[in-house]
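# Examination of the molecular architecture
Here are the chains, one letter per residue:
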Amino acid sequence: MPTELTEYDPSLGNKFIFVTGGVMSGLGKGITAASTGRLLANAGFDVTAVKIDPYLNVDAGTMNPYQHGEVYVLKDGGEVDLDLGNYERFLDIDMTFDHNVTTGKTYRHVIEKERAGDYLGNTVQIIPHITDDIKRRIREAAEGHDICLIEVGGTVGDIEGMPYLEALRQFAHEEDEEDILFTHVTLVPYSKNGEQKTKPTQHSVKELRSIGLQPDILVGRCEDKLDPETKEKIALFCDVPTDAVFSNPDVADIYHVPLMVEDEGLDEYVMERLGLAEEAIPKADRDNGWREIVTTDPTDEIDIALVGKYGLEDAYMSIHESLKHAGFETETDVNVLWVDADEMDDEHADRLERADGIIVPGGFGARGTEGKMEAVRYARENEVPFLGLCLGFQMAVIEYARNVCGLEGADSTEMVEDTPHPVIDILPEQYEVEDMGGTMRLGAHETTISEGTLAHEVYGSDSCTERHRHRYEVNPEYIDELESAGMRFSGRANNRMEILELPDHPYFLGTQFHPEFRSRPTRASPPFVGLVETILGDNETDTEEVTA
Ligand code: GLN
């Protein structure tokens, strides 16, 4: 369980950029914030971020991927909202559990303090006790960084968000004006006759002002760039200068948002307002690697089948992003073909057969596991490049036990408690665990990789440190049997099996960990790059054969 912050620290002179959202959720304010952060980092500043999730859950660990998308895992084992993944990818930083503030965490901490008698008989209230705790968390997460972006989840006006906005209002009084910036992201829809409408933005700013917050910057999400007249109208009604109104038009891919923000000049405006312009690296000297990577045209195109059970892209966000990163590195357009493991009808089976490679992702519970196992079998028997992640790794073990070692009914005790062959079994330290939240084997752990293996080639190293989130593992009692039948456990953490491979297969790799959480646009994750490169190599051989 990641540690909770306990000590209060006064402001340390950092700069704070608060980002709120109006009109409706899902406007991509996190991506806008992260993109601005990327550009500030390019200008030489140390940027970090805090995501505020105003829900009562302590963390995202117990949440259904259908509702909130994937649970993102941090290096310290924090199970957090997938937006933190975007901050890590865009800013190329490692965040900690403290960078995700939730209502559950805040209230729990304050109530625990109350029980301990720390409030000395006072009435414990939202203001000041909860708001103080919120401010403390923001300041502590920002400590040691030049700039901290703070994104308030949800939409202004939500009941859940009120204590946070009140905390921000107090925050603004406690800091120097030049150290704080309020950015509000809203929607600018088109009317039937093609006019950009500013009324929703006006109402949302009115709501914000009624709480005592005046935005410094307004960003309008719109299909296209905002017209100059639209910007002027927003400026007039919302009481900001016209040059503080920015467009956030639709772009082809999220990795193009920093380019768009730069074109709009939002980063320069932010630096100007925060008094950072003088310190910034001159524009001509800034790192332009990002632009280069995301605008290079791919020279190849491949299809990867993703065999899961949640038919929702967000549920596997980091895998999608990792494939894009591997595509950047190899100049390849990687298409993902969704294959529903739970309903493998003809259409889905056809996608599986059409794919150049197969990924079986992580997951929990029995639903879809037989379909996943079929996909593993297909990849193994037909020499289709394969990557199994966490549950996908476990499925590969079970499939091998059943169909190669002949262990009939082999399974994971997660799915079938009284299986005759528990090749995947609960981690010994989990026997006594009853609570579901934050109790799995979580976060970064080191794996030792054997020389002369595919894993060693892929990582180019004797070890790797990747993030984990699991309760089950390969049962040590079956390791010898699986290995003598041909499966190789090439990565281990003591007696814990972390990586598997099949030496006779072009690319059959499984990892008990989740490499997708450490993949970055500029540093793609090795197992994903290996998968794409193997396919590209195969395709090349195929073309040579055809032309020969
Ligand atoms: N359900 C499996 C376990 O708990 C796999 C978890 C996962 O895929 N993240 O071990």
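Report follows, based on the coordinates. What you see is a predicted model; the values in this text were computed from it and never measured.

The rules we used
Residues take numbers from 1 onward in each chain, read along the sequence in its written order. Under the rules for a predicted model, residues below a pLDDT of 70 receive no local features and side-chain atom pairs below 80 are neither given nor counted, while totals for whole chains, interfaces and linings still include all residues. In computing side-chain properties, one takes all heavy atoms of the structure into account and sets aside hydrogens as well as water. Each axis is a line fitted through C-alpha atoms, and for a helix only the stretch in contact is used; angles between axes span 0 to 180 degrees, taken between their N-to-C directions. Put simply, DSSP marks the helices as runs of H or I at least four residues long and the strands as runs of E at least two long, and each gets a number from the N terminus on. An angle below 35 degrees is treated as roughly parallel, one above 145 as roughly antiparallel, one from 65 to 115 as roughly perpendicular, and anything else as oblique. A crossing counts as left-handed when the near helix is turned anticlockwise from the far one by less than a right angle, and as right-handed when that turn is clockwise. The contact criterion used is simple: two residues touch if any of their non-hydrogen atoms lie within 4.5 Å. Exposed residues in this analysis have more than 50% of their type's maximum accessible area, buried residues have under 20%, and partly exposed residues fall in between, with area computed by a 1.4 Å probe over protein chains only. The definition of a polar contact used here is a pair of N or O atoms within 3.5 Å, where within protein one atom must be able to donate a hydrogen and the other to accept one, and adjacent residues in sequence count solely through side-chain atom pairs. A 1.4 Å probe that fits into a set of points on a 1 Å grid over the protein atoms alone but cannot get out defines a cavity; an open set with protein on both sides within 12 Å along at least five of seven lines defines a pocket, and lining residues are those with an atom within 4 Å of a point. Grid points are joined across faces, edges and corners, and a volume is the space filled by probe spheres set on the points. Any residue with at least one heavy atom within 4 Å of a molecule or strand is counted as near it. Per-residue and other accessible areas follow the Shrake-Rupley method at a 1.4 Å probe size, with only the shown protein chains counted as cover for residues. Grid points define the cavity or pocket, and a molecule sits in it when more than half of its atoms lie within 2 Å of them. Note on residue categories: nonpolar means Ala, Val, Leu, Ile, Met, Phe, Trp, Tyr, Cys or Pro, charged means Asp, Glu, Lys or Arg, and polar means any other residue, Gly included. DSSP calls a pair of strands paired once it identifies at least 2 bridges connecting them.

## Concerning the packing of helix H7 (residues 199-210) against helix H8 (residues 228-238)
For the pair H7 and H8, the least separation of the axes is 10 Å and the interaxial angle reads 25°. The angle between H7 and H8 places the two elements in the roughly parallel class. In this structure, H7 meets H8 at a crossing whose hand is right-handed. Two secondary-structure elements touch here, H7 through Thr201, Gln202, Val205 and Arg209 and H8 through Ile234, Phe237 and Cys238.

## Remarks on the side chain of Glu175
Its location among the elements puts Glu175 in the loop between helix H6 (162-174) and strand S7 (180-187). Overall, the relative accessible area of 8% leaves Glu175 in the buried class. Looking at Glu175, its side chain comes within polar contact range of the side chain of Arg139, at 3.0 Å.

## Points about the layout of surface pockets
Space inside the largest pocket adds up to approximately 1,100 Å³. Around the largest pocket, the lining comprises 43 residues; the ones closest to its centre are Gly26, Leu27, Gly28, Lys29 and Asp83. For the lining of the largest pocket, the secondary structure elements donating two or more residues are helix H1 (29-42), strand S2 (47-53), helix H2 (65-68), helix H3 (83-91), strand S9 (245-249) and helix H12 (317-330). Considered as a void within the structure, the second largest pocket measures approximately 510 Å³ in volume.

## A look at the site of the ligand
Surveying the vicinity of the ligand reveals the residues Gly362, Gly363, Phe364, Cys390, Leu391, Gln394, Glu414, Arg469, His470, Arg471, Tyr472 and His514. Here a nitrogen atom of the ligand and a backbone polar atom of Arg469 are 2.9 Å apart. Within the contact set of the ligand, a nitrogen atom lies 3.2 Å away from a side-chain nitrogen or oxygen of His514. When the ligand is considered free in solution it has 300 Å² of accessible area, and contact with the protein chains removes 99% of it. Applying the majority rule of atoms within 2 Å of the grid points places the ligand in the second largest cavity. Mapped by element, the contributors of at least two residues to the shell around the ligand are helix H15 (391-403) and strand S17 (463-470). In the shell around the ligand, the residues fall into four nonpolar, five polar and three charged.

## Some remarks on unusual backbone geometry
A cis amide bond links Ile127 to the next residue, Pro128, at an omega of 15°. Backbone geometry places Val23, a non-glycine residue, at a positive phi of 75°. Here Val23 shows up in the loop between strand S1 (15-21) and H1. Take Val23: its relative accessible area is 36%, and that puts it in the partly exposed class. Positive phi values are uncommon outside glycine, yet Cys390 reaches one of about 55°. Classification of Cys390 as buried rests on a relative accessible area of 6%.

## A closer look at the sheet that holds strand S13 (residues 386-389)
Spatial strand order, S11-S10-S12-S13-S21-S20-S19-S16-S17: nine strands in an open sheet with mixed pairing. Taken across any chain shown, the strands that pair with only one partner, and hence form the sheet edges, are strand S11 (332-340) and S17. Averaged over all pairs of adjacent strands, the angle between their axes in this sheet comes to 25°, without regard to strand direction. Summarising the sheet, strand S10 (residues 300-308) and strand S12 (residues 357-360) pair through three bridges and their orientation is parallel. Counted as the bridge partner of Ala305 is Ile358 from S12. Against the sheet, H12 makes contact with S10, S11, S12 and S13, and its axis sits at roughly 155° relative to S11, the strand it touches most. Each of S10, S11 and S12 is contacted by helix H13 (residues 346-354), which is oriented at about 145° to S11, the strand it contacts most.

## As for the pairing of strand S21 (residues 508-511)
Side-chain alternation along S21 places Phe508 and Gly510 on one buried face and Leu509 and Thr511 on a second face that is also buried. Relative to S21, S13 runs parallel, the two being bridged by four bridges. What sits directly across from Leu389, in S21, is Thr511. Hairpin connection between strand S20 (residues 496-501) and S21: a loop of six residues separates the two successive antiparallel strands.

Interpretation note: all reported values are geometric properties and have no functional meaning in isolation.
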